[in-house]
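Examination of the molecular architecture
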Amino acid sequence: MAPRNPLLEKVKSGRTALGVWANDPQTVELCAHLGFDWIMIDMMFTGMDFGDVQNMIRTCEAAGITPVVRAHSNPWLGYDHRIAVDLSRLQGIGAQFVLVSHSGIQEIQEALEVAKDWHRRALWVHPFKSRDWEQRTDEMIDGSYIIPHAESQGSVDTLEETLDLPDLKMFFFAMTDLSKVLGNSKKPNWDSPELWSFVDRAVKKGKERGIVIGANTSYAYTMKEMRERVKRLHDAGVRFIMIQGAPFLFQVAMNEFLTGVRQDLGLEL
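Fair warning: this is a prediction, and the values are worked out from it, not measured in the lab.

Criteria and cut-off values
- Residues numbered from 1 in each chain as written.
- Predicted model: local features only at pLDDT ≥ 70, side-chain atom pairs only at ≥ 80, totals over all residues.
- Heavy atoms only, no water.
- Salt bridge = Lys/Arg side-chain N within 4 Å of Asp/Glu carboxyl O.
- Helix = DSSP H or I, 4+ residues; strand = E, 2+ residues; numbered from the N terminus.
- Buried < 20%, exposed > 50% of the residue type's maximum accessible area, 1.4 Å probe, protein only.
- Pairing = 2+ DSSP bridges.
- 1 Å grid on protein atoms, 1.4 Å probe; cavity = no way out; pocket = protein on both sides within 12 Å on 5 of 7 lines; lining within 4 Å.
- Points joined across faces, edges and corners; volume = space filled by probe spheres on them.
- Nonpolar A, V, L, I, M, F, W, Y, C, P; charged D, E, K, R; others polar.

Overview of the pattern of salt bridges
Here the structure, examined in full by the defined rule, presents 16 salt bridges. When the shortest N-O distance is used, the salt bridge between Arg 229 and Glu 225 registers 3.0 Å. Placement of both Arg 229 and Glu 225 in helix α11 (residues 223-235) is noted, with a separation of four residues, approximately one turn of the helix. Judged by relative accessible area, Glu 225 falls into the partly exposed class, the value being 29%. Because the salt bridges share partners, they merge into one network encompassing Glu 160, Asp 164, Arg 201 and Lys 205.

Shown next as structure tokens:
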């Protein structure tokens, strides 16, 4: 029996899927228990290697929450052919949903081509029961989601062309760095008109082409504002939402909580 896949269930039904970033099994199990749909496993800014990711994927599947892997890349440095090479390995260890922070359209084209390969945990579970290679391979391709992750100038410049790629099914905005790029600023601007115009363009085109648009909430410093940001994304037509990382949410919640505790106890702030 295939493991439960809440993200895929929501994507297929047009509902909004909520996720957080987490890189340890205990948090994965907690997030599944709380009712989140998906977990982002991050290889981009953490020490996670392929072995760690493989075990995290298994943890997510056991807990009943969908794993989404953010591949290792640095889109601000330009084109990187290693992204597609690493993707081969990620798919080989079981990654179905892969975020690709890209410098331009070529990396996504190559990733979509790699997604047509048949190796899915193939070195320990042969994926074919007989000579049904053609049908089974088509099913694998249909079930693979390469998700362009827009946060660089190159991803901005090639937005329309990327959304026109025939095999694309999902697209994601990194709202923090994208707002900095669009505003040519060191500081993110969640309320930037340029940022939301960009998102609106993608949502409109996504509806025309059947592409699910995702985004994160960037960083707000109260739980109330984080909730408001989730609502704003949903109202804009974003159906694949990352509510930042579990550690960040804990930090915000505990800052509010401990401020109240210190006031209750008459302690210095």
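Section: the pairing of strand β5 (residues 145-150)
Most of β5 is tucked away, with six of its six residues classed as buried. Residues Tyr 145, Ile 147 and His 149 point to one face of β5 and Ile 146, Pro 148 and Ala 150 to the other, with burial holding for every one of them. Examined bridge by bridge, strand β4 (residues 97-101) and β5 share five bridges and lie parallel to one another. In the sheet register, Ser 101 faces β5, and the bridge partner there is His 149. Relative to strand β6 (residues 170-173), β5 runs parallel, the two sharing two bridges. What sits directly across from His 149, in β6, is Phe 172.

Thoughts on unusual backbone geometry
Negative phi characterises most residues that are not glycine, and trans characterises most peptide bonds. For Arg 121, which is not a glycine, the phi torsion comes out positive at approximately 55 degrees. Take Arg 121: it is sitting in the loop between α5 (105-114) and α6 (133-142). The class of Arg 121 is partly exposed, set by a relative accessible area of 23%. Residue Asn 184 is not a glycine yet carries a positive backbone phi of 50 degrees. With respect to the secondary-structure elements, Asn 184 resides in the loop between α9 (175-183) and α10 (193-209).

A few points about the layout of surface pockets
Size it by volume and the largest pocket reaches roughly 770 Å³. Lining the largest pocket are 23 residues, and of these Glu 61, Gly 94, Gln 96, Arg 120 and Arg 136 lie nearest its centre. When residues of the lining of the largest pocket are traced back to their parent elements, those giving at least two are β3 (66-70) and α6. When the residues that make up the lining of the largest pocket are grouped by side-chain class, the tally is nine nonpolar, seven polar and seven charged. Lining the second largest pocket are 20 residues, and of these Met 40, Arg 70, Tyr 219, Met 242 and Gln 244 lie nearest its centre. Mapped by element, the contributors of at least two residues to the lining of the second largest pocket are β2 (38-42), α9, β8 (240-245) and α12 (246-265). Here the residues of the lining of the second largest pocket sort into ten nonpolar, six polar and four charged.

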